[in-house]
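Architecture at a glance
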Amino acid sequence: MNEEIQEKSNYCLNCKIKPCSNKGCPLNNDIPAFIKKIKEQNYEEAYKILSKTTVLQPICGRICPHKKQCQGSCVRGIKGKPVSIGEMEAFVGDYGIKNNLQIEKNVVERLLDRKVAVVGGGPAGLTCAAFLARRGVNVTIYERNSFLGGLLMYGIPDFRLSKKIIEDTVEKILNLGIDVKYNQELGKNLRLESLEKEYDYIYLAFGANVSTKMGIDGEQLAGVFGGNELLEKSGHPDYTGKTVIVNGGGNVAIDVARTVKRKGAKDVIIVYRRAKEQMPAEEKEVEDAEKEGIKIWFQNNIVKINGLEKVENVELIKTKLIQKEGELRLSPVNIEGSNFIQNADYVIMALGAKTDKFVENLNLNLDSKNYICVNEKFQTSNPKIYAGGDLIGGNGTVAWAARSGRDAAESIKEFLEK
Ligand code: SF4
């Protein structure tokens, strides 16, 4: 493995302008610097360099959409293959775990008696907690599940990211001295007002995991599920010998389709309104899904779900793509009269996710889509409360969520130091 990684690192040009880092990586990891340390076989130093900007190396190294982020901006990629940045990041993260390297602390004395509560232990919450704790702040994470990791744990199937890697990464973060209170859910057994009394600041990062609906006939039938809820709560029915339609084109659609196929479904069909090139899911995940026998019907749309009490079939319509004035990408338009019926036992909606309705009770300003509004410091309309990750309507990637957590930690630290 080390020789392979050495070979990969030697392919990096160590560019001075480093677009991989400045333009491609949402966390601005210093990619040429950590790769240089790999070339020198100084893996400990490579880990230190990466840890300056991220605490999720083994995870981001594996599941980030590298082609759209760092590797998509790599100079090597202009004429040939880009540098395998993701693989190297995962290697360094794994090295840190195997060799028990700790995330470096840089404690600020006067922060030692300050307290911050982080609500939600997913990528944004964990990152914010870590970047505060390494400066000496007393951080407590309030997590609604009995485990940390959030969507990393339940939203990404084991075949893409093993639970062991998440657990090891979380353990390293907690080693910074972070306290965790499990099974604590805002709106249920946890009150924002109580946290406000107890802590200097609060960071909200409990995500947005309620599947969006299409608003079509038949969506209320038994056998129609939300993709996010299925992945989170694992309430799968018995798919043996069944036909399952998955509606959507993002990673959740692909993840849920592959999970259902593994659970014994006979036919799994992903329905996507646009063309393959426009699919937001990672190209590799799409290829793997196709290899596993999952069909993807591009430029099709669901019009109606039919059945008496439960799903019996789905009415679909073909779409064409047209350029609408003022829109950057091609828009799908239904082709009149191209409707057809496909038998189905289950339909899974994986069109995106929104926040839980209870955010309306938090007394914070929300935007028109019910995301929490924040300023450039990630501060909400209540100056004591910050928010980040999917709760503020990000782009849904782990690296972006982590960046919002790190930036919020920096802002909170600034205010604590005043
Ligand atoms: Fe290396 Fe590519 Fe980044 Fe240049 S752009 S430093 S070749 S990873």
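Since the model is a prediction, treat every value here as computed from it, not as a measurement.

**Here's the deal with helix H7 (residues 85-98)**
Since there are 3.6 residues in each turn of an α-helix, residues three or four apart along the chain are aligned in direction. Over its 14 residues, H7 runs 20 Å from end to end, which matches the ideal 20 Å to within 8%, given 1.5 Å per residue. Looking only at H7, the buried set comprises Ile-85, Gly-86, Met-88, Glu-89, Ala-90, Phe-91, Val-92, Gly-93, Asp-94 and Gly-96. Structurally, H7 contributes buried residues whose contacts are with helix H1 (2-10), helix H2 (19-24), helix H3 (31-39), helix H4 (43-51), helix H5 (57-63) and helix H10 (163-174). Following H7 by one or two positions, Asn-100 has its phi on the positive side, about 50 degrees.

**Things to note about the packing of aromatic side chains**
For any pair of aromatic rings, the description rests on two quantities: the centre-to-centre distance and the angle between the ring planes. A complete count under the given rule lists 10 aromatic pairs for this structure. With a centroid separation of 5.7 Å and 80 degrees between ring planes, the pair formed by Tyr-201 and Tyr-386 is classed as edge-to-face. Taken together, the positions of Tyr-201 in strand E4 (residues 201-204) and Tyr-386 in strand E16 (residues 385-387) put the pair 185 residues apart, joining distant regions of the chain. The interplanar angle of 55 degrees and the centroid separation of 6.4 Å between the aromatic rings of Tyr-201 and Phe-415 together place this pair among those described as tilted. Taken together, the positions of Tyr-201 in strand E4 and Phe-415 in helix H15 (residues 398-417) put the pair 214 residues apart, joining distant regions of the chain. The exposure class of Phe-415 is partly exposed, given its relative accessible area of 24%. Following the ring pairs from residue to residue traces out a cluster consisting of Tyr-43, Phe-91 and Tyr-95. When the ring centre of Phe-131 is taken as reference, the NZ or CZ atom of Arg-134 above it lies at 4.9 Å. The ring of Phe-159 carries Arg-262 above its face, with NZ or CZ at 3.6 Å from the centroid.

**Overview of helix H13 (residues 251-262)**
An ideal rise of 1.5 Å per residue puts 16 Å on 12 residues; H13 measures up with 16 Å between its terminal C-alpha atoms. Buried within H13 are the following residues: Ala-253, Ile-254, Asp-255, Val-256, Ala-257, Arg-258, Thr-259 and Val-260. On its buried side, H13 packs onto helix H12 (227-233), strand E7 (243-247), strand E8 (267-272), helix H14 (283-291) and strand E14 (346-349). Positioned one or two residues after H13, Gly-264 has a phi angle of 105 degrees, which is positive.

**A few points about the site of the ligand**
Around the ligand, the surrounding shell consists of Cys-12, Leu-13, Asn-14, Cys-15, Cys-20, Pro-32, Cys-74, Val-75, Arg-76, Val-83 and Ile-85. Of the residues assigned to the shell around the ligand, the class counts are nine nonpolar, one polar and one charged.

**A short note on the sheet that holds strand E6 (residues 224-226)**
Pairing is parallel across the open sheet formed by five strands, whose spatial order is E6-E14-E7-E8-E9. Strands at the two margins of the open sheet, each flanked by one partner only, are E6 and strand E9 (295-298). Within the sheet, the average angular offset between the axes of one strand and its neighbour, ignoring direction, is 20 degrees. Where E6 and E14 come together, three bridges link them in parallel fashion. By the bridge assignment for E14, Phe-225 is matched with Ile-348. H13 contacts E7, E8 and E14 of the sheet and is inclined by roughly 170 degrees relative to E8.

**Quick word on the side chain of Ser-331**
Examined against the element boundaries, Ser-331 turns out to sit in strand E12 (residues 331-334). Overall, the relative accessible area of 4% leaves Ser-331 in the buried class. When neighbours within four sequence positions are excluded, Ser-331 is seen to be in contact with Arg-274, Lys-320, Leu-321, Ile-322 and Lys-324.

**As for the pattern of salt bridges**
The full count for this structure, using the stated rule, is 33 salt bridges. In this structure, Lys-36 and Glu-40 form a salt bridge, with 3.3 Å as the shortest nitrogen-oxygen distance. Given the relative accessible area of 41%, Lys-36 is considered partly exposed. Overall, Glu-40 belongs to the partly exposed group, its relative accessible area being 42%. The closest approach of N and O atoms between Arg-144 and Glu-232, which form a salt bridge, is 3.1 Å.

Reading the values: the criteria
Along each chain, the written sequence defines residue order, and numbers are assigned to residues from 1. Confidence filtering applies because this is a predicted model: local features only for residues at pLDDT of at least 70, side-chain atom pairs given and counted only at 80 or more, and all residues used for totals across whole chains, interfaces and linings. Side-chain numbers here rest on the full set of heavy atoms in the structure, without hydrogens or water. Helix and strand definitions here come from DSSP, where helices need a minimum of 4 consecutive H or I residues and strands a minimum of 2 consecutive E residues; each element is numbered from the N-terminal end. By this rule the span expected of a helix is its residue count minus one, scaled by 1.5 Å. Residue burial is assigned from relative accessible area. The probe radius is 1.4 Å, only protein chains are included, and a residue is buried under 20% of its type maximum, exposed over 50%, and partly exposed in between. Here, residues are in contact when the closest pair of their heavy atoms is within 4.5 Å. Two aromatic rings, drawn from Phe, Tyr or Trp (for Trp, its six-membered ring), form a pair once their centres lie within 6.5 Å of each other, and the interplanar angle then sorts them: stacked below 30 degrees, edge-to-face above 60, tilted otherwise. Only lysine NZ and arginine CZ atoms are considered, and such an atom sits over a ring when it is within 6 Å of the ring centre and within 35 degrees of the ring normal. The nearness test applies per residue and asks whether one of its heavy atoms lies within 4 Å of the molecule or strand. When residue character is reported, Ala, Val, Leu, Ile, Met, Phe, Trp, Tyr, Cys and Pro are called nonpolar, Asp, Glu, Lys and Arg charged, and the others, Gly included, polar. Strands are labelled as partners when DSSP assigns at least two bridges between them. Geometry is summarised by axes, namely lines fitted to C-alpha atoms with helices restricted to the contacting stretch, and by angles between N-to-C directions that run from 0 to 180 degrees. Salt bridge, as applied in this entry: a Lys or Arg side-chain nitrogen positioned within 4 Å of an Asp or Glu carboxyl oxygen.

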